[in-house]
Amino acid sequence: MAFPDDGKMKGCQPKLFGTKDKRVANRTDRASCSTAKCGSSNSKSPSSSPFRKLSEVRSIRLSHFLSHSSNATKYEHIRIFVSTWNVGGKAPTAELKLDDFLPADDHSDIYVLGFQEIVPLNAGNVLVIEDNEPAARWLALINRVLNRPVDSDADIFQHKPSPSLDSTSSQSTPGLDGSFSNRSRTASGSVIFQKSLKSIRKSYMPSQRKQLKFCNCPVEMAKKSYKDACFRCPQAYANEMDSSEEDELDDKLNDIFGLNGDGVTSAASASRDQLKYNLISCKQMVGIFVTVWAKKELVQHIGHLRTSCVGRGIMGYLGNKGCISVSMTLYQTSFCFICSHLASGEKEGDELRRNLDVLEILRLTQFRRICRRAGRRIPEKILDHDRAIWLGDLNYRISLSYEDTKKLLTENNWDALFEKDQLNIQRASGRAFNGWSEEKIYFAPTYKYSCNSDSYAGETATSKKKRRTPAWCDRILWRGDSIVQLSYFRGESKFSDHRPVCGTFIVEVEMLDGKSKRRSSNTNIRIGAEELLPTSKHSKG
């Protein structure tokens, strides 16, 4: 897959992006990339740059899949941009620039963007009702960067009401200007209704968004309905109520309250096919919010889309802490993206609570059962996926006093600080994130800053009790073969007391040759049916 020229990636394309055609039957076992070649963390690396050296990036090899096919297999390299940001409970304004969280000059194939604390973590948001207006605002800002509407300077949060509820006048780009302050009243004016996040997100999703939940296995019977089972697995789509039906319910509610009569929905439907990037998934759990976007031409190759939430907050299960995980397949490779906010605290022993959060997230995350491919199942647990990326405010601290930390910060001695980083220590000992990799850190700790300042909060704290030692709370880790991390850096936005952290990856995915489509031919269907026959009968045939 060709990529535009990018200053950060200059010179990398010739070695990274060559497509390799092979036949599975003729492949021989080859070891996967070594740790140094595949971008795992190495604190002794002599490099002083957050970007991967060309000499360290070798040929990317894909480990054998359990399923084997006589179809020709080839490999594609996909660029994935990942970013995480704890925004401190503050809702964004239309003037907020996302350059430090989502660089405008990046041209990745997939964007995985995670937030923590998009709402204040108070009792009302945790126990009563989830406020999804900030999530909708973040969606609008992200869309403005990725799809660059012509009128990008317009206030995308302000809705100019139509003269009447039945007006069909079109509003501005992808229906977002009316997404936030749009209200409708009954004739008596006694009822106010706000459009839900599910309704708003449809403006950015593909027109055929239901197909994201389809099976994209190489052999599949044509289905009359998206609920019909995969040909190989009669138990697929056991969950009768999915987000597609919830979207239909939102449409009915909007019709009842007159919210579809202002032309916003029709404008969105007319323009969403022109978007360069489509929203694949977005999910909120109290303050945690994750969105996945993909280039329009990749959408048809995405399937088995599912989400899973695990609460690890109050009483061990409420959503003020925890994670949202997104599972999907791209071509024939499975991906899992985990956005988490782990237990806070810098007292001795608090890192053990974070370790427990990680273990419980891995244990409790469960994606609903879906179809089986020949010889293997679609993953239902995080560690079952071919590729996984974990991002978020992991809250691990630096095990040094404030004074010692400040001294090393002044010297820009990142190596000495990283040796005392709790996540580095826990991962090396195997007590947390065993088997996960992280690129070496060449940037200053991302927490905790004073409001709208480049100074750490500890410098202005009035007491030692309120003082926070700077730490790398915000991290991105990954696991799986054939992943190379190209960059790992932080943004400098002063919007929050955290700085955003970003990473860019090149990931190899397995795909069938162009002869195999999402919908298989009649010949393939006949072969699939024979495979389902009992062994004795099949052998006689």
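All chains use their own residue numbering, which begins from 1 and follows the written sequence. Per-residue local features are limited, in this predicted model, to residues with pLDDT of at least 70; the limit for side-chain atom pairs, both in listing and counting, is 80 or more; totals at the level of whole chains, interfaces and linings are taken over all residues. Excluded from the side-chain calculations are hydrogens and water; all other atoms, namely the structure's heavy atoms, are used.

S.K.: Help me understand the overall build of the protein chain in this model?
M.R.: If you tally the helices and strands in the protein chain, you get twelve helices and 16 strands. Three labels apply to residues, based on accessible area from a 1.4 Å probe with only protein chains included: buried if under 20% of the type maximum, exposed if over 50%, partly exposed otherwise in between. Buried residues in the protein chain amount to 55% of all 541 residues. Working rule for contacts: check all heavy atoms of both residues, and any pair within 4.5 Å makes them a contact. Across the protein chain, every contact between residues at least 6 apart in sequence was considered, and the portion connecting residues at least 24 apart equals 74%. Secondary structure is summarised from DSSP: a helix means a run of H or I of at least four residues, a strand means a run of E of at least two, and numbering begins at the N terminus for each.

S.K.: Looking at this structure, I do not really get the sheet that holds strand 13 (residues 387-393). What am I missing?
M.R.: Strand pairs in the sheet, formed through backbone hydrogen bonds, run parallel or antiparallel to each other. One requirement defines pairing of two strands: DSSP has to find at least two bridges between them. Read from one edge to the other, the open sheet built from five strands follows the order 8-9-10-13-14, with strand pairing classed as mixed. This sheet does not close on itself; its edge strands, each paired only once, are strand 8 (302-311) and strand 14 (474-479). Going across the sheet, the axis of each strand differs from the next one's by a mean of 10 degrees, ignoring polarity. As judged from the nine bridges shared by strand 9 (residues 322-330) and strand 10 (residues 333-341), these two strands associate in the antiparallel manner. The residue of strand 10 that forms the bridge with Ile 324 is Cys 339. In this analysis, axes come from line fits to C-alpha atoms, helices being fitted only over the stretch in contact, and the angle between any two N-to-C directions falls in the range 0 to 180 degrees. Docked against the sheet, helix 7 (residues 350-364) engages strand 8, strand 9, strand 10 and strand 13, running at close to 135 degrees with respect to strand 13.

S.K.: Can you help me understand a nonpolar patch on the surface in this one?
M.R.: A contiguous nonpolar patch, built from Leu 127, Val 128 and Ile 129 and spanning about 350 Å² of accessible area, is present on the exposed surface. Mapped onto the elements of the fold, Leu 127 is located in helix 2 (residues 123-128). Since its relative accessible area comes to 55%, Leu 127 is described here as exposed. Any residue with relative accessible area above 30% and no salt bridge may belong to a patch, with like charges joined within 9 Å and the nonpolar Val, Leu, Ile, Met, Phe, Trp and Tyr side chains within 5 Å. Residue-level accessible areas treat just the shown protein chains as cover; the underlying method is Shrake-Rupley with a 1.4 Å probe. Note on definitions: salt bridges are taken to be side-chain nitrogens of Lys or Arg within 4 Å of carboxyl oxygens of Asp or Glu.

S.K.: Honestly, the packing of aromatic side chains in this entry has me stumped. Any pointers?
M.R.: Aromatic ring pairs: the centre-centre distance and the angle between the two ring planes describe each pair. Any pair of Phe, Tyr and Trp rings, taking the six-membered ring for Trp, is counted once the centres come within 6.5 Å. Such a pair is stacked with planes under 30 degrees apart, edge-to-face with planes over 60 apart, and tilted for the rest. Tallied over the full model, the rule gives 17 aromatic pairs. Both rings, one in Phe 101 and one in Phe 115, keep their centres 4.9 Å apart while their planes meet at 35 degrees; by these two values the pair is tilted. Placement of Phe 101 in the loop between strand 2 (72-86) and strand 3 (110-116) and of Phe 115 in strand 3 is noted, with a sequence separation of 14 residues between them. Given a relative accessible area of 0%, Phe 115 falls into the buried group. Seen from their ring centres, Phe 433 and Trp 436 are 6.1 Å apart, and the 90 degrees between their planes marks the pair as edge-to-face.

S.K.: Looking at this model, I keep getting lost on helix 8 (residues 402-410). Mind explaining?
M.R.: Every α-helical turn comprises 3.6 residues, leaving residues that sit three or four positions apart pointing alike. Along helix 8, the residues that are buried comprise Tyr 402, Thr 405, Leu 408 and Leu 409. Projected down its long axis, helix 8 shows its buried positions confined to an angular sector of 130 degrees, all on one face. Each element contacted by the buried residues of helix 8 is listed here: helix 9 (414-419). In the stretch just after helix 8, Asn 412 is the one whose phi turns positive, near 55 degrees. Think of the arc as the fan of directions from the helix axis to the C-beta atoms.

S.K.: Would you take a moment to explain the side chain of Arg 499 for this structure?
M.R.: Within the secondary structure, Arg 499 sits in the loop between strand 15 (483-490) and strand 16 (501-512). Residue classification places Arg 499 among the buried positions, given a relative accessible area of 0%. Filtering out sequence-adjacent residues up to four positions away, Arg 499 remains in contact with Trp 85, Thr 446, Tyr 449, Ser 453, Asp 454, Asp 474, Arg 490, Gly 491, Glu 492, Ser 493 and Lys 494.

S.K.: Explain the state of the cysteines here, please?
M.R.: Joining two cysteines, a disulfide is a covalent bond between their sulfur atoms. Put simply, a disulfide is two cysteine sulfurs that come within 2.5 Å. Under the counting rule described, the total for this entry stands at zero disulfides. With no disulfide of its own, Cys 323 has Cys 309 as its nearest cysteine by sulfur position, at a separation of 7.5 Å.

S.K.: Can you walk me through the pattern of salt bridges in this structure?
M.R.: Side chains that carry opposite charge are capable of pairing whenever their charged atoms lie near each other. Across all of its chains, the model carries 17 salt bridges by this definition. Where Asp 109 meets Lys 295, a salt bridge forms, and the shortest distance between an N and an O atom there is 3.8 Å. One end of the pair, Asp 109, is in the loop between strand 2 and strand 3; the other, Lys 295, is in strand 7 (residues 288-295), with 186 residues separating them in the sequence. Considered together, Asp 109 and Lys 295 belong to a single accessibility category, that of buried residues. Measuring nitrogen to oxygen at the nearest pair gives 2.7 Å for the salt bridge that ties Arg 475 to Glu 438. Highlighted residues: Arg 475 in strand 14 and Glu 438 in the loop between helix 10 (422-429) and strand 14, separated in sequence by 37 residues. For the pair Arg 475 and Glu 438, one class covers both residues: buried. Bridged by salt links that share partners, the residues Lys 347, Asp 350 and Arg 353 form one connected network.

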